[in-house]
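Observations on the three-dimensional arrangement
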Amino acid sequence: MIPLTPPDAFASLRIPDFRYFVMNSFLITAALLIQEVTLGYELYKMTHNPLALGLVGLAEALPFIAISLFGGHLADRRDKKRILQWSLLVILLGSVILYLAFQPSIVSGLSQTTQLATIYGTIMLIGTAKGFYSPASSSLKPFLVPRELYTNSATWSSSFWQAGAIAGPGIAGFLYSWFGFDNTLVFVIIMLALCFLLLSLVESKPVPMNNQPARSFLESLKEGFRFVFDTQIVFYAISLDLFSVLFGGVVAILPVFAEDILKVGAEGLGFLRAAPSIGALLTMAYMTKHPPTHNAWRNMLLAVLGFGVATLVFALSTNFYLSLLMLALTGAFDSISVIIRQTILQIFPPDHMRGRVAAVNGIFISSSNEIGAFESGLMASLLGTVPSVALGGLVTLAVVSYVYAKSKALFSVRLDDTMTS
């Protein structure tokens, strides 16, 4: 018998454009999460209202959802690299404005309401830029590697993202404690400038040709939505993430747990925010050698089920270390569903529709993350922090049960076979 050659776990990283791309992903993720964590903690200290934290997510989600469909339409017709660079410049501008919005020499004499309006308005500007950045970034990835490396590239791109999601919150609390909020934002601005330099190293890719007749903007968007809703595995994969994170996510109100329930302060908040990403990164390291795509749908349902259980236990925990463990498990389970979903989104959409499909996916993801953050803050202010998170975990379990009953035909799908066909 001829021995099988083991798969090259680093195959995607050997491609320079992909390497620059994921390094940029690491930096921008870390930078924006440092900004998000420290801004959330500063706002909670300023207002002592969980709803103020939820409004941060809503302020970013509304413009993102409003513009991302056009962003996806544009990504299918224009140079994706240029869209990323211009979007990043706007995000960088937003971070500069946030820095200025907290300078006493500028805001002295202004009411807290005016200052908060400026902060939320700037977050809306950043959300608008991300509405262009996100579909362009997602739709560029498949053009950076050959088809047979889609799962490997999805694992590595998610791993770099998760590494940024660990580094960002992990050091945010320490930066805040040691250097103050203002200097932390300066650090974020420098990181975003480095992101722009990395993007400039990625070669522009040709815009895919579409042999179909030219369509209007609305017809183009309908085509993207129709593809998502008609392709069952794409629709259910996106829907699972939407409802599980929308109701089961706890990230936005972690400052409340850190300050009032676990009483661990800003540094403890950094550990809490980093814990899901640590669990995700360790799991993704394992998945570079053992991808979860052979029994993809079974693995995805089990992962979301585990996410809901871990969320429920976290809600009831009053022990800091148990809470860290449960958050790490939410990240581990979520990373499995992320890898499967990203592989699905690279395999099934045709090249000329990737931007629009990415935009539809982005709306679902933004709804789950940012609107989920608003939902978390609102429900915590209405029901109390612990009951709202426990209810979210239970809703996640109910969603998994419903999707399982509706999607049994997908258990036969083998994504690894599809990539080689």
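On a predicted model such as this, the values are computed, not experimentally measured, just so you know. (Residues numbered from 1 in each chain as written. Predicted model: local features only at pLDDT ≥ 70, side-chain atom pairs only at ≥ 80, totals over all residues. Heavy atoms only, no water.)

1. Considering the overall build of the chain
The test is simple: Each helix corresponds to a stretch of at least 4 residues labelled H or I by DSSP, and each strand to a stretch of at least 2 residues labelled E; elements are numbered beginning at the N terminus. Residue burial is assigned from relative accessible area. The probe radius is 1.4 Å, only protein chains are included, and a residue is buried under 20% of its type maximum, exposed over 50%, and partly exposed in between. Any two residues whose heavy atoms approach within 4.5 Å at even a single point are treated as in contact. Calculation of accessible area relied on Shrake-Rupley with a 1.4 Å probe; when residues are assessed, cover is drawn exclusively from the protein chains displayed.
For the chain, the helix and strand inventory stands at 15 helices and zero strands. The proportion of buried residues among the 421 residues of the chain is 57%. Across the chain, every contact between residues at least 6 apart in sequence was considered, and the portion connecting residues at least 24 apart equals 89%. In the form shown here, the chain has an accessible surface area of approximately 17500 Å², with 68% of it arising from carbon and sulfur atoms.

2. Observations concerning the nonpolar core
For the record, the criterion: To form a nonpolar core, buried Ala, Val, Leu, Ile, Met, Phe, Trp, Tyr and Cys residues must be joined to one another through side-chain atoms within 4.5 Å.
Membership of the largest hydrophobic core comes to 78 residues, with the highest contact counts inside it found for I119 and L192. At 14 residues, helix α1 (residues 16-47) tops the list of elements feeding residues into this core. Excluding anything up to four places from it in sequence, L192 contacts I28, A31, L32, L88, I91, L92 and S95. Grouped together as the second largest cluster of nonpolar side chains are 33 residues, Y236, I238, V304 and V338 included.

3. Focus: the packing of helix α10 (residues 265-287) against helix α12 (residues 320-347)
Definition in use: Note on definitions: angles span 0 to 180 degrees between N-to-C directions of axes, and those axes are lines fitted to C-alpha atoms, for helices only across the stretch in contact. The labels follow the angle: roughly parallel below 35 degrees, roughly antiparallel above 145, roughly perpendicular from 65 to 115, and oblique for the rest. Crossings are sorted by hand: turned counterclockwise from the far helix by less than a right angle, the near helix makes the crossing left-handed, and turned clockwise it makes it right-handed. Each residue gets one label: Ala, Val, Leu, Ile, Met, Phe, Trp, Tyr, Cys and Pro are nonpolar, Asp, Glu, Lys and Arg are charged, and the others, such as Gly, are polar.
Closest axis-to-axis distance for the α10/α12 pair is 7 Å, and the angle between their directions is 40 degrees. Compared by their axis directions, α10 and α12 come out oblique. In the packing of α10 onto α12, the handedness of the crossing is right-handed. Counted together, G268, F271, L272, A275, P276, G279, A280, T283, M284 and M287 of α10 and F320, L324, L327, A328, T330, G331, A332, S335, I336, V338 and I339 of α12 form the full contact between these two elements. When grouped by side-chain class, the residues that make up the contact of α10 with α12 number 15 nonpolar, six polar and no charged.

4. Looking at a nonpolar patch on the surface
For clarity, the threshold we go by: The patches reported here contain residues having more than 30% relative accessible area and no salt bridge. Joining distances are 9 Å for like charges and 5 Å for nonpolar side chains (Val, Leu, Ile, Met, Phe, Trp, Tyr). Any carboxyl oxygen of Asp or Glu within 4 Å of a side-chain nitrogen of Lys or Arg constitutes a salt bridge here.
Together, L302, L305, V309, V313, L322, L325 and L329 give the surface a local cluster of nonpolar side chains, amounting to about 520 Å² of exposed area. Only α11 (296-316) and α12 provide two or more residues apiece to the nonpolar patch. If one sorts the elements of the nonpolar patch by residue count, α11 sits on top with four residues. Tracing the chain through its elements places L329 in helix α12. You can call L329 partly exposed: its relative accessible area is 31%.

5. Remarks on unusual backbone geometry
Of note, K263 is a non-glycine position whose phi angle comes to about 55 degrees, a positive value. Mapped onto the secondary structure, K263 falls in the loop between α9 (254-261) and α10. The exposure class of K263 is exposed, given its relative accessible area of 63%.

6. What to know about the confidence of the model for the chain
Our working rule: Residue-level confidence of the predictor is summarised by pLDDT, bounded by 0 at the bottom and 100 at the top.
Summary statistics for the chain give a mean pLDDT of 80 and a share of 88% for residues scoring 70 or more. Helix α3 (residues 80-101) holds the highest mean pLDDT among the elements of the chain, 91, whereas helix α15 (residues 415-420) holds the lowest, 56. Here residues 1-5 is a poorly scored stretch, pLDDT under 50, and it has zero contacts once near neighbours within four places are set aside; other chains count.

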